[in-house]
Amino acid sequence: LENLGAEIVELELGKAIIKYQENTLKMQDVENALNRNDFELLTDDESKVIEKIKLILIGMVDNTPLIMKVNLSEKLVDSLNKDYTFLSKLFSKLEGITIEKYFIQLKIEKAKEFIQYDQFNFTEVAYELGYSSVNYLSNQFKQATGMSMSTYKKLSDWDRKPLDKIL
């Protein structure tokens, strides 16, 4: 964007605020620059809501103590000021997966990170991610990855996705 003559005012996950001279920057040029760098320009309201949902959930997973203290639906309703049924249906329609299943995928990727960096034992990983028991996490981990957490830990080539690339 700077190469196009824009000044970056604010930049954070999912959002960029830029300043530019009127008539010097074409929206198509901005969209092309973003696409070349693996980003996309969101122009419709539904896509913006979906992105906000994803950012909230990623934030919850990145800030693991919040997972245990916050109800998922309440967090989304409070943050977005929209009915959860509306958010859930919109997310499922546009992403082809429920919010809950997406959140589980995020937590499994975070579990992989904890396992890879050997930060916690499996019980502590479950606790950090808000699971009621290590067995519950183990079952979801195996369902999602096709292997146990112990098997994953022994791998030399970990298969992890960045949280913002889950969907």
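Draft legend 1. Seen up close, the overall build of the chain. Secondary structure assignment for the chain yields 9 helices and 2 strands. Along the chain, from the amino end to the carboxyl end, the secondary structure elements read β-β-α-α-α-α-α-α-α-α-α. Projected onto its principal axes, the C-alpha coordinates of the chain cover approximately 60 × 40 × 25 Å. Intrachain contacts of the chain at a sequence separation of at least 6 include 54% that bridge at least 24 residues. A total accessible area of about 10,800 Å² is found for the chain, and carbon and sulfur atoms account for 46% of it.

Draft legend 2. Just the packing of aromatic side chains, in detail. Using the criterion set out here, one finds 4 aromatic pairs in the structure. Consider the rings of Phe114 and Phe120, whose centres lie 5.0 Å apart with planes at 85 degrees: the pair is edge-to-face. We classify Phe114 as buried; its relative accessible area is 5%. If you follow Lys107 out to its NZ or CZ, it ends over the ring of Tyr131, 4.3 Å from the centre.

Draft legend 3. Seen up close, the packing of helix H5 (residues 84-95) against helix H6 (residues 99-116). Put simply, H5 and H6 touch, their axes get as near as 9 Å, and they point 70 degrees apart. One finds that H5 runs roughly perpendicular with respect to H6. Facing H5, whose interface residues are Tyr84, Leu87, Ser88 and Phe91, H6 presents Ile99, Glu100 and Tyr102. Among the residues making up the contact of H5 with H6, the classes are represented as 5 nonpolar, 1 polar and 1 charged.

Draft legend 4. Just helix H4 (residues 72-80), in detail. Listing the buried residues of H4 in full gives Leu72, Leu76 and Leu80. What you see down the axis of H4 is that its buried residues fit within an arc of 35 degrees, all on one side. Buried residues in H4 make contact with helix H2 (45-62), H5 and H6. Looking one or two residues past H4, Asn81 carries a phi angle of roughly 55 degrees, positive in sign.

Draft legend 5. Representation of the environment of Leu155. Considering the arrangement of structural elements, one finds Leu155 in the segment after helix H9 (149-154). A C-alpha to C-alpha distance of 9.2 Å links Leu155 and Gln116, two positions 39 residues apart in sequence.

Draft legend 6. Looking closely at H6. The end-to-end C-alpha separation of H6 is 26 Å, in line with the 26 Å expected for 18 residues at 1.5 Å each. Positioned one or two residues after H6, Asp118 has a phi angle of 50 degrees, which is positive.

Draft legend 7. Molecular detail of the nonpolar core. Counting residues in each nonpolar core, the largest one holds 22 residues, and the members touching the most others are Ile53, Leu57, Leu76, Ile99, Tyr102 and Leu106. Among the elements that line this core, the one with the most residues is H2, at 8 residues. Counting 12 residues, the second largest nonpolar core, distinct from the first, contains Ile115, Leu137, Phe141 and Met149.

Cut-offs used in this document
Residues numbered from 1 in each chain as written. Predicted model: local features only at pLDDT ≥ 70, side-chain atom pairs only at ≥ 80, totals over all residues. Heavy atoms only, no water. Helix = DSSP H or I, 4+ residues; strand = E, 2+ residues; numbered from the N terminus. Contact = heavy atoms within 4.5 Å. Areas by Shrake-Rupley, 256 points an atom, 1.4 Å probe, with all protein chains shown as cover. Phe/Tyr/Trp six-rings, centres within 6.5 Å; stacked < 30°, edge-to-face > 60°. Buried < 20%, exposed > 50% of the residue type's maximum accessible area, 1.4 Å probe, protein only. Lys NZ or Arg CZ within 6 Å of the ring centre and 35° of its normal. Axes fitted to C-alpha atoms, helices over the stretch in contact; angles between N-to-C directions. Parallel < 35°, antiparallel > 145°, perpendicular 65-115°, else oblique. Nonpolar A, V, L, I, M, F, W, Y, C, P; charged D, E, K, R; others polar. Arc of directions from axis to C-beta. Expected span 1.5 Å × (residues − 1). Core = buried A, V, L, I, M, F, W, Y, C linked by side-chain atoms within 4.5 Å.

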